[in-house]
Amino acid sequence: MTTVDPAPPPPMRLRELVFGAACAAAVRAAVRLGVPDALDDSPTVDDLATAVKTQPHTLRRLLRALSCQGVFAENPDGTFEHTDMSRLLREDDPHSLRYIALWCTEPWTWSVWPRLDEAVRTGGNVFEAVYDEEFFTYLNESAPESAHVFNRAMTTSSEQSARDVAKLLDLDDASAVVDIGGGQGHVLASLLEKHPHLRGTLLDLPGVVENADPRLRDGGALADRARIVAGDCRQDVPVEADVYIIKNVLEWDDDSTRRVLAAVRRSARPDARVVVIENLVDDTPSMRFTTAMDLLLLLNVGGAKHTRQSMVDRLTDAGLVIGEIRPVNAYLHAFECTVPAT
C-alpha cells in the first residue's frame, strides 16, 4: 500500500519539485489511457489493464506514482480506487478537469518549459523561436489535436465559471450586454438565461464564434435575444451596450491589452459598465496554479496573469473608473468599472 509523508523535509521536497514533470506526465498518461473512466468497472489492476490495453505491471507503477500525489488511492489488498482528485479526470464528472489536464501537458509545453530562463532574461515568448510560428497560428494550422484539446479545455473552464459570473453580476438595470472575446458564449448564455429581459452580443474571432453555444445560434433557446459578431477585439468593438464583459482576455502582451481597452472606450457611451474578470497571481487561494499559468503565458505569447495592482494600473491607464473588486470564485476576481463622461 502506498504511503506518503505529509510533510517531507526540505531536501526531499526539493527533489519532489524538480521531478514535477514526472507527476504531470503521469496525470497525462492516465487520462490518455482512459484509466479514470475505466476504474469503477475494473477493481483489480489486471482487469483495469485489460480494459485500458496496458501491461498490468507498468500500470501498477503508474497508479502507485499517482496515489502518492492523492490521485487515486491504493488499498491494502493492492487494488486502487478513486479519490476526489482522480474523479475530476473522468469524462463524465460535472466538474471534470480532464481537458485542462491534457492542455497543460500538451507536447509543445515540454519544448518551451526548459527555455524559461531565456524568457525571464528577455521578457518575451520563446514559442516562436522553437516553432517558427506565432502561438495561435501554430495551434490552429499545425497542431489540430492540440487545438482541439485547447478548445475543449476552454469550453470546460468557461462552462464551470459561467454560472459563478451569472450569480455575481447584478444586471437587473441593464438592457444590453456584450461579452468581448467571449469564446463560445457560455457566460453570455448564462446571463441571458438568468435575465429574461436582457439582450446580448458575443464578440470573438470568426473561427471561434462559428462554434458558438447552440443556445445562442439560429434556432437556439436564446437566439431571439442574442447576436453573434465575428471580429478582433484588439481592432474594434463594434457594439454599444450597457455592460461590457471582458473575461480572461487581458492577459496577452501589454500592447494587446491596451488595444482592447481602447476599443471598448471608443465604443462605450459614458456611464457604461465594464466588468473585467481575471485570474490573479495574488489575493487568491489558487496561487500555485495561477503563478504556473503566468509563466506558461510568458513562454507561449509573452503574456502575463495580473496582480490586483497591475490590473488596477492598466484599467486606470485606459481611463476607466474602478469601483468594487470582488471574488467570483476561488480563482477569479471581477473588477467593476465605469466609463467616465468625456
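Residues numbered from 1 in each chain as written. Predicted model: local features only at pLDDT ≥ 70, side-chain atom pairs only at ≥ 80, totals over all residues. Heavy atoms only, no water.

K.L.:
Just to check I follow, could you spell out a nonpolar patch on the surface for this structure?
P.N.:
A cluster of nonpolar side chains, Leu14, Leu17, Val18 and Phe19, forms an exposed patch at the surface whose accessible area comes to about 460 Å². Structurally, Leu17 can be placed in helix α1 (residues 10-18). (Patch = residues over 30% accessible without salt bridge, like charges linked within 9 Å, V, L, I, M, F, W, Y side chains within 5 Å. Areas by Shrake-Rupley, 256 points an atom, 1.4 Å probe, with all protein chains shown as cover. Salt bridge = Lys/Arg side-chain N within 4 Å of Asp/Glu carboxyl O. Helix = DSSP H or I, 4+ residues; strand = E, 2+ residues; numbered from the N terminus.)

K.L.:
Hey, could you run me through the packing of helix α4 (residues 45-52) against helix α5 (residues 56-67) in this one?
P.N.:
Two quantities define a packed helix pair, namely the angle between the helix axes and the distance between the axes. Contact pair α4 / α5: the axes reach a minimum separation of 9 Å and the direction vectors enclose 105°. As judged from the angle between their axes, α4 and α5 are roughly perpendicular. Side by side, α4 and α5 meet where Val45, Asp46, Leu48, Ala49 and Val52 of the first sit next to Pro56, Leu59, Arg60 and Leu63 of the second. Within the contact of α4 with α5, the residues separate by chemical class into seven nonpolar, no polar and two charged. (Axes fitted to C-alpha atoms, helices over the stretch in contact; angles between N-to-C directions. Parallel < 35°, antiparallel > 145°, perpendicular 65-115°, else oblique. Contact = heavy atoms within 4.5 Å. Nonpolar A, V, L, I, M, F, W, Y, C, P; charged D, E, K, R; others polar.)

K.L.:
Sorry if this is basic, but what is going on with unusual backbone geometry here?
P.N.:
Glycine aside, a negative phi is what most residues show, and trans is what most peptide bonds show. In this structure, Phe72 is a non-glycine residue whose phi angle is positive, near 75°. With respect to the element layout, Phe72 can be found in the loop between α5 and β1 (73-74). Look at Asp271: it is not a glycine, yet its phi comes out positive at around 75°. With respect to the helices, strands and loops of the structure, Asp271 is situated in the loop between α15 (254-267) and β7 (273-278). Under the relative-accessibility criterion, Asp271 is labelled exposed at 63%. (Buried < 20%, exposed > 50% of the residue type's maximum accessible area, 1.4 Å probe, protein only.)

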